[in-house]
Amino acid sequence: MRLIKFVTVALLAIVLLSCGEEGPVKLSLPANADALIAGDSAKTWMLASRYNGGHRMNMGDCFLRYRITYRRDSLFSDNNGSSSSCGPTLKGRWKAFQNDNGSFVKWESVQLPELMGIEEDYKYFRIITLNPDSLVISYKHKQFGNKERTIVDYMVPEGTAVKDRDFHNR
């Protein structure tokens, strides 16, 4: 049932994102957003799938192992450092907020400029979907050739079974 709910939400988000003429999705941030993101004290999310410029990405080992933990004390960290090939662990502060442009999670970390190739020590992630079973975020990221793409990450609570999560490994 969770998988069906997740797939439905994911497809809805894709449809909404593809309506470029109408502008970006503007989710109203729920009153309990912090609890949805970080649970009672901490909540760990795993990457269910990632889209880059509208195309589903093949998720290699680092993506399949990727976990991020949001804590209610406004701290976050990922698990990249647990594998030598995935880079250092990213740690910082997070905050969910809403403004006229939509709902966002803001990360602040002195590591961001080096790890994400940006000048600022903060990054905004647009919240597309937020409920107990899914966190869908999008963000702009410059990649190879300095071309900016929209990345959409579909996150689910750690331990959630996601069918075809590693579809490229067949």
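Above this note sits the structure.
What you are looking at is a predicted structure, and each value in this text was computed from that prediction instead of being measured.

What counts and how
- Residues numbered from 1 in each chain as written.
- Predicted model: local features only at pLDDT ≥ 70, side-chain atom pairs only at ≥ 80, totals over all residues.
- Heavy atoms only, no water.
- Core = buried A, V, L, I, M, F, W, Y, C linked by side-chain atoms within 4.5 Å.
- Buried < 20%, exposed > 50% of the residue type's maximum accessible area, 1.4 Å probe, protein only.
- Helix = DSSP H or I, 4+ residues; strand = E, 2+ residues; numbered from the N terminus.
- Disulfide = S-S within 2.5 Å.
- Pairing = 2+ DSSP bridges.
- 1 Å grid on protein atoms, 1.4 Å probe; cavity = no way out; pocket = protein on both sides within 12 Å on 5 of 7 lines; lining within 4 Å.
- Points joined across faces, edges and corners; volume = space filled by probe spheres on them.
- Nonpolar A, V, L, I, M, F, W, Y, C, P; charged D, E, K, R; others polar.
- Salt bridge = Lys/Arg side-chain N within 4 Å of Asp/Glu carboxyl O.

**Student:** Would you take a moment to explain the nonpolar core for this structure?
**Tutor:** Side chains that are nonpolar tend, in soluble globular proteins, to be buried together. Within the largest apolar cluster, 28 residues are counted, with the highest numbers of intra-cluster contacts made by Ile68, Tyr70, Trp94, Trp107 and Leu135. When residues of this core are assigned to their parent elements, the largest contribution, four residues, is made by helix α2 (residues 33-38). In terms of nonpolar packing, the next biggest core, distinct from the first, is built from nine residues, Tyr51, Ile128, Val152 and Tyr154 among them.

**Student:** Help me understand the state of the cysteines in this model?
**Tutor:** Here, disulfide denotes a covalent bond that connects the sulfur atoms of two cysteines. All chains considered together, the criterion is met by one disulfide. Through a disulfide, Cys62 is tied to Cys86; the S-S separation comes to 2.0 Å. One disulfide, between Cys62 and Cys86, carries an S-S torsion of -95° and so falls in the left-handed class. Placement of Cys62 in helix α3 (residues 61-65) and of Cys86 in the loop between β4 (75-78) and β5 (91-99) is noted, with a sequence separation of 24 residues between them.

**Student:** Please explain the pairing of strand β7 (residues 122-131) as it appears in this structure.
**Tutor:** Regular strands place their side chains on alternate faces of the sheet. Along β7, eight of the 10 residues are buried, which leaves the element largely enclosed by surrounding structure. When strand β6 (residues 102-108) meets β7, the two strands line up antiparallel, connected through five bridges. By the bridge assignment for β7, Val105 is matched with Phe125. Here five bridges tie β7 to strand β8 (residues 134-142), and the two strands are oriented antiparallel to one another. Each residue of the ladder has a partner; that of Ile127, found in β8, is Ile137. Counting the residues between successive antiparallel strands, the hairpin from β7 to β8 contains two residues.

**Student:** Sorry if this is basic, but what is going on with the layout of surface pockets here?
**Tutor:** Empty space among the atoms can be located by rolling a probe the size of a water molecule over them. Considering only enclosed or pocket space, the largest pocket measures out at about 710 Å³ in volume. Looking at the largest pocket, it is lined by 28 residues, and the ones nearest its centre are Arg50, Phe63, Asn80, Met116 and Tyr139. Broken down by secondary-structure element, the contributors of at least two residues to the lining of the largest pocket are β1 (42-52), α3, β3 (67-71), α4 (112-116), β8 and β9 (148-157). The greatest single-element share of the lining of the largest pocket, amounting to four residues, is contributed by β8. Of the residues assigned to the lining of the largest pocket, the class counts are 20 nonpolar, five polar and three charged.

**Student:** Just checking my understanding: could you explain the pattern of salt bridges for this structure?
**Tutor:** Once their charged atoms are close, side chains differing in charge can pair, the charge on each being opposite to the other. Applying the stated rule across the entire model yields four salt bridges. The salt bridge partner of Arg67 is Glu158, with a shortest N-O separation of 3.3 Å. Note that Arg67 is positioned in strand β3 and Glu158 in the segment after β9, a separation of 91 residues in sequence. Asp73 is paired through a salt bridge with Arg71; the nearest N and O atoms lie 2.2 Å apart.

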